[in-house]
Amino acid sequence: MSNTEPRKAGRHFLQIPGPTPVPDRVLRAMHSQILDHRGPTFQKLALRVLEKVKTIFKTTSHVVIFPASGTGAWEAALVNTLNPGDKVLMYETGQFATLWNAMAKRLGLVTDFIPSDWRTGVDPQKIEEKLREDKGHAIKAVCIVHHETSGGLLTDVAAIRKVIDEVGHPALLLVDTVSGLGSADLRHDEWGIDVTVAGSQKGLMLPPGLAFTAISAKALKASESAKQPKGYWAWDDMINANKSGFFPYTPATGLLYGLDVAVDLMHEEGLDNIFARHNRWGVATRACVKHWGLENLSREERYHSPVMTAVLMPEGKGADAFRKLVLETFDMSLGAGLNKVADKVFRIGHLGDSNDLTILGALSGVEMGLELAGIKHNKGGVQVAMASIAAAHQRPVRAAAE
Ligand SMILES: *Cc1c(COP(=O)(O)O)cnc(C)c1O
């Protein structure tokens, strides 16, 4: 930002679905002098962080941490478990699923990409049909996006696991939860996920720069014979070095300081409390959007997102001009529509280190923006959101006493 721009007082509202604002305690933890990544101080930090991060994935097996964006973890998941020419089943929930599919094809995998209109999560029935047809077990992996960030679409991963088991298909289950982890429940072990793919800059409340793969015993076994070419992403080098608290190349030491504290903050709050507030914001935001008379991109309730809401613009109104107006007037960033829904939707992020009043502030910015942009809507959506949030805080005991 150039210093000729006038100063904006107060906090910027970063209401995109990631990167998200970073808590002050995490910022302070990262504000540390660089340390020797082959020395004993780092070793202690690494051993501690590698162990405690497992609790966020709800796993007891390896979580490999790369200095990379989430996209790197997609690649790590594919190249460590598969062989050239292997068939993988993917599902077009939106832009992120589309990008993962494109990457798989570039890596020489053969993808069966189940088409969808970007308005639903993964339908377990469609996965089941494909697996039942695959009598010869040509499909080596099912790759799905837990929370599709282009549309605000949540997939029931346990339901996908269930159909894989019911069919008795041996495919690996690879799950992208870059924008789900830390906002919506994810259980790597209990849900039988083979590789969980995540990133630092969304629900984990860190800056961009760390990519994670949580690895099941089955995926680790597959990696021992997997022939996809790999260098940087090789798990075996990582896992070997991690055993003694080191990395095969220079790790993102500053971000690991941050991760150490971010995991502590999450447990201080309690994972269930974190998921509950995201749910509360999802419910309130959807009630607000509905009251305005605008449409949620997520068409079916079962896929609605606790992380963010994508709002469809009325015919003939551009979402990008609307976002620009909101940014310039209220200093709030809303998420852009991507690819197929570019300029057709704006996304309201309600995730990460936030609270009820920030979310209500964000919704008021949108409502005032609608007014200023001359977009027809019913006033009072924020009032509806307030009522929804207040109701969520009303404990049954108190209700009975009144
Ligand atoms: C953000 C995101 C990614 C990509 O992460 P980068 O850090 O931008 O590489 C992948 N999948 C989903 C679902 C995301 O939300």
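Note that this is a predicted model, so its numbers are computed, not measured.

Teacher, can you tell me more about the overall build of the protein here?
A count of helices and strands for the protein gives 15 helices and 14 strands. In terms of overall size, the protein behaves like a compact globule, its C-alpha atoms giving a radius of gyration of 22 Å where 402 residues would be expected to give roughly 21 Å. Dimensions of the protein, computed from C-alpha atoms along their principal axes, come out at roughly 60 × 55 × 55 Å. Put simply, 74% of the contacts in the protein that link residues at least 6 apart link residues at least 24 apart. Split by element, the accessible area of the protein, about 17400 Å² in all, is 54% carbon and sulfur. Counting 45 positive and 44 negative side-chain charges, the protein places the averaged centre of each group 1 Å from the other.

What is the right way to look at the site of the ligand in this model?
Near the ligand lie 13 residues; those nearest to it are Ser-69, Thr-71, Thr-149, Asp-176 and Lys-202. Asp-176 is positioned such that a nitrogen or oxygen atom in its side chain is 2.6 Å from a nitrogen atom of the ligand. Gln-201 places a side-chain nitrogen or oxygen 2.7 Å from an oxygen atom of the ligand. Here the ligand, which alone exposes 380 Å², has 88% of that area covered by the protein. By residue number, the principal contributor to the shell around the ligand is helix 4 (residues 70–81), which donates 3 residues. Counted by class, the shell around the ligand contains 4 nonpolar, 7 polar and 2 charged residues.

When you look at the environment of Gly-136 in this model, what are you seeing that I'm missing?
Inspection of the secondary structure puts Gly-136 in the loop between helix 6 (124–133) and strand 5 (139–145). Owing to a relative accessible area of 69%, Gly-136 belongs among the exposed residues under this scheme. Separated by 41 residues in sequence, Gly-136 and Gln-95 place their C-alpha atoms 30 Å apart.

What is the right way to look at the pairing of strand 2 (residues 63–67) in this model?
The side chains of a regular strand alternate, first on one face of the sheet and then on the other. Here strand 2 lies mainly inside the structure; 4 of its 5 residues are buried. Pairing of strand 2 with strand 10 (residues 210–215) involves 5 bridges; the strand directions are antiparallel. Bridge assignment links Pro-67 to a residue of strand 10, and that residue is Leu-210.

What should I look at first to understand the environment of Ala-214 in this one?
Within the element layout of this structure, Ala-214 appears in strand 10. Residues Ala-214 and Ile-65 lie 149 residues apart in sequence; the distance between their C-alpha atoms is 8.8 Å. Those residues in contact with Ala-214 that sit more than four places away from it in its chain are Phe-57, Thr-59, His-62, Val-63, His-188, Asp-194, Val-195 and Thr-196.

What is the right way to look at the nonpolar core in this model?
When a protein is soluble and globular, its nonpolar side chains tend to lie buried together. Counting 92 residues, the largest nonpolar core has Ile-65, Phe-66, Ile-127, Phe-212 and Leu-259 as its most contacted members. In contact with Leu-259, not counting residues within four places along its chain, are Val-49, Val-53, Ile-65, Leu-206, Leu-210 and Phe-212. If you look at the next biggest cluster of nonpolar residues, it comprises 25 residues, including Leu-360, Leu-363, Leu-370 and Ile-389.

Hey, could you run me through empty space enclosed by the protein in this one?
Scanning the entire structure with this criterion turns up 2 cavities of 30 Å³ or more. Here the largest cavity defines a volume of roughly 40 Å³. As for the largest cavity, its lining consists of Ile-56, Lys-58, Leu-181, Gly-182, Ala-184, Asp-185, Leu-186, Leu-271 and Phe-275. Taken as a whole, the second largest cavity encloses approximately 30 Å³ of empty space. Contributing to the lining of the second largest cavity are Met-90, Tyr-91, Ala-97, Trp-100, Phe-113, Cys-143, Ile-144 and Val-145. Contributing elements (two or more residues each) for the lining of the second largest cavity: strand 3 (87–91), helix 5 (95–106) and strand 5.

Before we go on, may I ask you to explain the layout of surface pockets in this structure?
With a probe scaled to a water molecule rolled over the atoms, the places where space remains empty come into view. Taken as a whole, the largest pocket holds about 350 Å³ of empty space. In this structure, the largest pocket is lined by 18 residues; those nearest its centre are Arg-11, His-12, Pro-21, Asp-353 and Thr-358. Elements supplying a minimum of two residues to the lining of the largest pocket: strand 1 (13–15), helix 1 (24–30) and helix 13 (356–372). Residue contributions to the lining of the largest pocket peak at 3 residues, all from strand 1.

So what exactly am I meant to see when it comes to the sheet that holds strand 3 here?
The pairing of strands in a sheet happens through backbone hydrogen bonds and is either parallel or antiparallel. Taken in spatial order, the 7 strands of this open sheet run 2-10-9-8-5-3-4, and their pairing is mixed. Among the strands making up the open sheet, the edge pair consists of strand 2 and strand 4 (110–114). Averaged over all neighbouring strand pairs, the angle between strand axes comes to 20°, with direction disregarded. As judged from the 5 bridges shared by strand 5 and strand 8 (residues 172–176), these two strands associate in the parallel manner. For Val-142, the partnering residue across the bridge sits in strand 8 and is Leu-173. Here helix 4 sits on the sheet and contacts strand 2, strand 5, strand 8, strand 9 (195–199) and strand 10; the angle it forms with strand 9, its principal contact strand, is near 160°. Of the strands in this sheet, strand 2 and strand 10 are in contact with helix 10 (residues 253–269), which crosses strand 10 at around 60°.

What exactly am I supposed to notice about the pattern of salt bridges here?
When the charged atoms of two side chains lie near each other, side chains of opposite charge can form a pair. Counting across every chain of the model gives 23 salt bridges. In this structure, the salt-bridge partner of Glu-295 is Arg-119, at a minimum N-O distance of 2.7 Å. In this pair, Glu-295 sits in strand 11 (residues 295–296) while Arg-119 sits in the loop between strand 4 and helix 6, placing the two residues 176 residues apart along the sequence. According to the relative accessible area criterion, Arg-119 is buried, its value standing at 14%. Among the ionic pairs, Arg-323 bridges to Asp-320, the shortest N-O distance being 3.3 Å. Taken together, the residues span about one helical turn, with Arg-323 and Asp-320 both in helix 12 (residues 319–330) at a distance of 3 residues. Given the relative accessible area of 32%, Asp-320 is considered partly exposed. A single salt-bridge network, built from bridges that share partners, covers Arg-48, Lys-52, Asp-260 and Asp-264.

Calculation notes
Residues numbered from 1 in each chain as written. Predicted model: local features only at pLDDT ≥ 70, side-chain atom pairs only at ≥ 80, totals over all residues. Heavy atoms only, no water. Helix = DSSP H or I, 4+ residues; strand = E, 2+ residues; numbered from the N terminus. Rg over C-alpha atoms; globule rule 2.2 N^0.38 Å. Contact = heavy atoms within 4.5 Å. Areas by Shrake-Rupley, 256 points an atom, 1.4 Å probe, with all protein chains shown as cover. Lys, Arg positive; Asp, Glu negative; His and termini not counted. Charge placed at Lys NZ, Arg CZ, Asp CG, Glu CD. Near = heavy atom within 4 Å. Polar contact = N/O pair within 3.5 Å; in protein donor to acceptor, adjacent residues only side chain to side chain. Nonpolar A, V, L, I, M, F, W, Y, C, P; charged D, E, K, R; others polar. Buried < 20%, exposed > 50% of the residue type's maximum accessible area, 1.4 Å probe, protein only. Pairing = 2+ DSSP bridges. Core = buried A, V, L, I, M, F, W, Y, C linked by side-chain atoms within 4.5 Å. 1 Å grid on protein atoms, 1.4 Å probe; cavity = no way out; pocket = protein on both sides within 12 Å on 5 of 7 lines; lining within 4 Å. Points joined across faces, edges and corners; volume = space filled by probe spheres on them. Axes fitted to C-alpha atoms, helices over the stretch in contact; angles between N-to-C directions. Salt bridge = Lys/Arg side-chain N within 4 Å of Asp/Glu carboxyl O.

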